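Fold and contact review
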Amino acid sequence: MSLLRQYVRASGDSHLIAAVAAKLRTHWDPTGECVAPDGTRRPEAHAATILGILSTGADMALVSRYLRLAEESAFTVARSTGQERHRLAYEIWELMTETAARASLERNAELP
């Protein structure tokens, strides 16, 4: 199975979405002021969007840009630095790749 396909599968994992949402709630938008593309302010909606971006093979710069644009939309100016957003994007990418690798190993273990 291709790496991108593993990322796509991982991006829909409910545990991963919850973990990313918790990270966003803690390190990015603790008061839920930034609006996600679905019109809600739920961190799970931002998490699903970010994981969707990463699952296409896009780099972390696009995630950092997404976070900046959401901040600018809510606050007129970004309240985090580019470095902070990039670090958060990298941590989310790591969570996704770990989830994809774990799922791949589990699927392989089930093969005869």
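Scroll up to find the structure.
In this text, all values refer to a predicted model and were calculated from it rather than measured experimentally.

1. Quick word on the overall build of the chain
- Helix and strand counts for the chain stand at 5 helices and 0 strands.
- Whereas a compact globule of 112 residues would reach a radius of gyration of roughly 13 Å, the chain reaches 15 Å, a difference of no more than 12%.
- Referenced to the eigenvectors of the C-alpha coordinate spread, the extents of the chain come out at roughly 55 × 20 × 20 Å.
- In the chain, which comprises 112 residues, the share counted as buried stands at 37%.
- For the chain, the computed accessible surface area is about 6,500 Å², with 55% contributed by carbon and sulfur atoms.
- Looking at charge distribution, the chain has the averaged site of its 13 positive side-chain charges lying 3 Å from that of its 14 negative ones.

2. Description of helix α2 (residues 14-27)
- Compared with an ideal rise of 1.5 Å per residue, which puts 14 residues at 20 Å, α2 spans 20 Å between its outermost C-alpha atoms and is within 8% of the ideal.
- Those residues of α2 that fall on the buried side of the exposure criterion are L16, I17, V20, A21, K23 and L24. Axial view of α2: buried residues confined to an arc of 160°, hence all on one face. Exposed residues on α2 whose side chains face more than 90 degrees from its buried face are S14, H15 and T26.

3. Topic: helix α3 (residues 43-55)
- For α3, spanning 13 residues, the distance from its first C-alpha to its last is 18 Å, which sits close to the expected 18 Å at 1.5 Å a residue.
- All of the buried residues in α3 are P43, A45, H46, A47, I50, L51, I53, L54 and S55.
- Where α3 terminates, the next one or two residues include G57, which has phi positive at roughly 90°.

4. Structural notes on unusual backbone geometry
- For T76, which is not glycine, the phi torsion reads 75° and is therefore positive.
- If you trace the backbone, T76 turns up in the loop between α4 (60-75) and α5 (82-109).
- The class for T76 is exposed, based on a relative accessible area of 67%.

5. Brief notes about the nonpolar core
- Among the nonpolar cores identified, the biggest contains 27 residues, and L24, I50, L67 and I92 are the most heavily contacted of them.
- Looking at this core, the elements that each hand over two or more residues are α1 (3-11), α2, α3, α4 and α5.
- When sequence neighbours within four positions are dropped, the list of residues in contact with I50 reads L24, V63, Y66, L67 and I92.

6. A look at the pattern of salt bridges
- According to the stated counting rule, one finds 7 salt bridges in the structure shown.
- Between D29 and R79 there is a salt bridge whose closest N-O contact spans 2.9 Å. In this pair, D29 sits in the loop between α2 and α3 while R79 sits in the loop between α4 and α5, placing the two residues 50 residues apart along the sequence.
- What makes D29 buried here is its relative accessible area of 6%.
- Among the residues examined, R79 registers a relative accessible area of 38% and is labelled partly exposed.
- A single network of salt bridges, built from pairs that share partners, joins R25, R42 and E44.

Rules used in this analysis
Residues numbered from 1 in each chain as written. Predicted model: local features only at pLDDT ≥ 70, side-chain atom pairs only at ≥ 80, totals over all residues. Heavy atoms only, no water. Helix = DSSP H or I, 4+ residues; strand = E, 2+ residues; numbered from the N terminus. Rg over C-alpha atoms; globule rule 2.2 N^0.38 Å. Buried < 20%, exposed > 50% of the residue type's maximum accessible area, 1.4 Å probe, protein only. Areas by Shrake-Rupley, 256 points an atom, 1.4 Å probe, with all protein chains shown as cover. Lys, Arg positive; Asp, Glu negative; His and termini not counted. Charge placed at Lys NZ, Arg CZ, Asp CG, Glu CD. Expected span 1.5 Å × (residues − 1). Arc of directions from axis to C-beta. Core = buried A, V, L, I, M, F, W, Y, C linked by side-chain atoms within 4.5 Å. Contact = heavy atoms within 4.5 Å. Salt bridge = Lys/Arg side-chain N within 4 Å of Asp/Glu carboxyl O.

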